[in-house]
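Results of the structural survey
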Amino acid sequence: MMSNRLFGAAAALALLSACAGGPGGGLGSGGVGFSQYRLIQPRPVSVARNAMQVTPTIRWNRVPRGYHDVSREENWTLNGPLLDSLSFLGGIENGKRIVEQRRKADRKVPNFRADMSPPEIAAMIESFYRIRAGASTFTMTNLSPRPFLGQPGFQFDYDYLGGDEVERRGRAVGAIIGGRFYLALFDATRMHYFPAGLPEFERIAESARLKR
């Protein structure tokens, strides 16, 4: 899940030089050899294997699938994955993982269970950041009920210090619907990029509709 955190530094720097984001930005199919990035236009679009439909109001860039991404995941960015990322999980089934990981790994992110409570889901996501993203600190705040995809759901915010010693902040909005886990998560550097991108994330989360 959200494996753009694990991209190599050289690739990230190349992306940052090409990625403008916002109303007039976007990487598109050209730019410094990153032809796998796809420009997302501000209009209704299906995400995460057509599990959800969302409506961005500015241009985004769809991030190529990473080694640790699960099949029902999709990641976007405005300014490059080391500065901001928007992740969607579309219908993770009971007992399935939220991130690909080695079978014999010493530490593993717990699999999703359909009977998880919102605090347990938050703890599962925290384990991702600590195990897969190398977070040395992780603080969750403001866990509260919030509708998502037209169903009762939850929201929480979090702050963490990544393995690169950069302070980041995130907001997760999700729900369990029909025993499946749906999530929209915005993650960015705490200085500038999180507050700059949060209003657009809120618009996208409010626009989200279940497709199946």
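The structure contained in this document is the topic of the report that follows. In this text, all values refer to a predicted model and were calculated from it rather than measured experimentally.

Before going further, it helps to examine unusual backbone geometry. Despite not being glycine, Arg49 shows a phi value in the positive range, around 60°. Inspection of the secondary structure puts Arg49 in the loop between strand E2 (45–47) and strand E3 (52–54). One non-glycine residue, His192, adopts positive backbone phi at about 75°.

If you trace the backbone, Glu73 turns up in strand E5 (residues 73–77). Judged by its relative accessible area of 5%, Glu73 is buried.

The rolling of a water-molecule-sized probe over the atoms marks out the regions of remaining empty space. For the structure shown, the criterion picks out one cavity of 30 Å³ or more. Reported here for the largest cavity is a volume of approximately 40 Å³. If you trace the largest cavity, you find it lined by Arg62, Val63, Arg65, Asp69, Glu73, Glu74 and Asn75. Of the residues forming the lining of the largest cavity, the biggest block, three residues, is contributed by E5.

Moving on: helix H3 (residues 193–207). The terminal C-alpha atoms of H3 lie 21 Å apart, and with 15 residues this matches the ideal 21 Å at 1.5 Å per residue to within 8%. Most pronounced at Pro199, the bend in H3 amounts to some 35°.

On to the pattern of salt bridges, then. A full pass over the atoms with the stated rule returns 13 salt bridges. Salt-bridge contacts for Glu126 lead to Arg130; the nearest nitrogen and oxygen are separated by 2.9 Å. Of the two residues, Glu126 and Arg130 are both situated in helix H2 (residues 118–131); the distance of four residues between them amounts to about one turn of the helix. The partner of Glu167 in a salt bridge is Arg190, with the nearest N and O atoms 2.7 Å apart. With a gap of 23 residues between them, Glu167 in strand E9 (residues 167–177) and Arg190 in the loop between strand E10 (180–189) and H3 connect regions that are remote in the sequence. Classification of Arg190 as partly exposed rests on a relative accessible area of 34%. Taken together, the salt bridges that share partners define one network made up of Arg146, Asp157, Arg171, Glu202 and Glu206.

We now examine the nonpolar core. Judged by nonpolar contacts, the single largest core of 28 residues is most densely connected at Met52, Val54, Trp60, Trp76, Phe88, Phe148 and Phe201. For this core, the secondary-structure elements that each account for two or more residues are E2, E3, strand E6 (84–92), E9, E10 and H3. Broken down by element, the residue count for this core peaks at five residues, all from H3.

With nine of nine residues buried, E6 lies mostly within the body of the structure. Sheet topology places E5 next to E6; four bridges connect them, and they run antiparallel. For Glu73, the partnering residue across the bridge sits in E6 and is Leu89. Linking E5 back to E6 in an antiparallel pair, the connection comprises six residues, with Gly80 at a positive phi of about 115°. Inspection of the sheet shows E6 paired to E10 by eight bridges, in the antiparallel sense. Opposite Ser87, over in E10, you have Leu185 as the bridge partner.

Conventions we followed
- Residues numbered from 1 in each chain as written.
- Predicted model: local features only at pLDDT ≥ 70, side-chain atom pairs only at ≥ 80, totals over all residues.
- Heavy atoms only, no water.
- Helix = DSSP H or I, 4+ residues; strand = E, 2+ residues; numbered from the N terminus.
- Buried < 20%, exposed > 50% of the residue type's maximum accessible area, 1.4 Å probe, protein only.
- 1 Å grid on protein atoms, 1.4 Å probe; cavity = no way out; pocket = protein on both sides within 12 Å on 5 of 7 lines; lining within 4 Å.
- Points joined across faces, edges and corners; volume = space filled by probe spheres on them.
- Expected span 1.5 Å × (residues − 1).
- Bend = angle between axes of the 7 residues up to and from the residue.
- Salt bridge = Lys/Arg side-chain N within 4 Å of Asp/Glu carboxyl O.
- Core = buried A, V, L, I, M, F, W, Y, C linked by side-chain atoms within 4.5 Å.
- Pairing = 2+ DSSP bridges.

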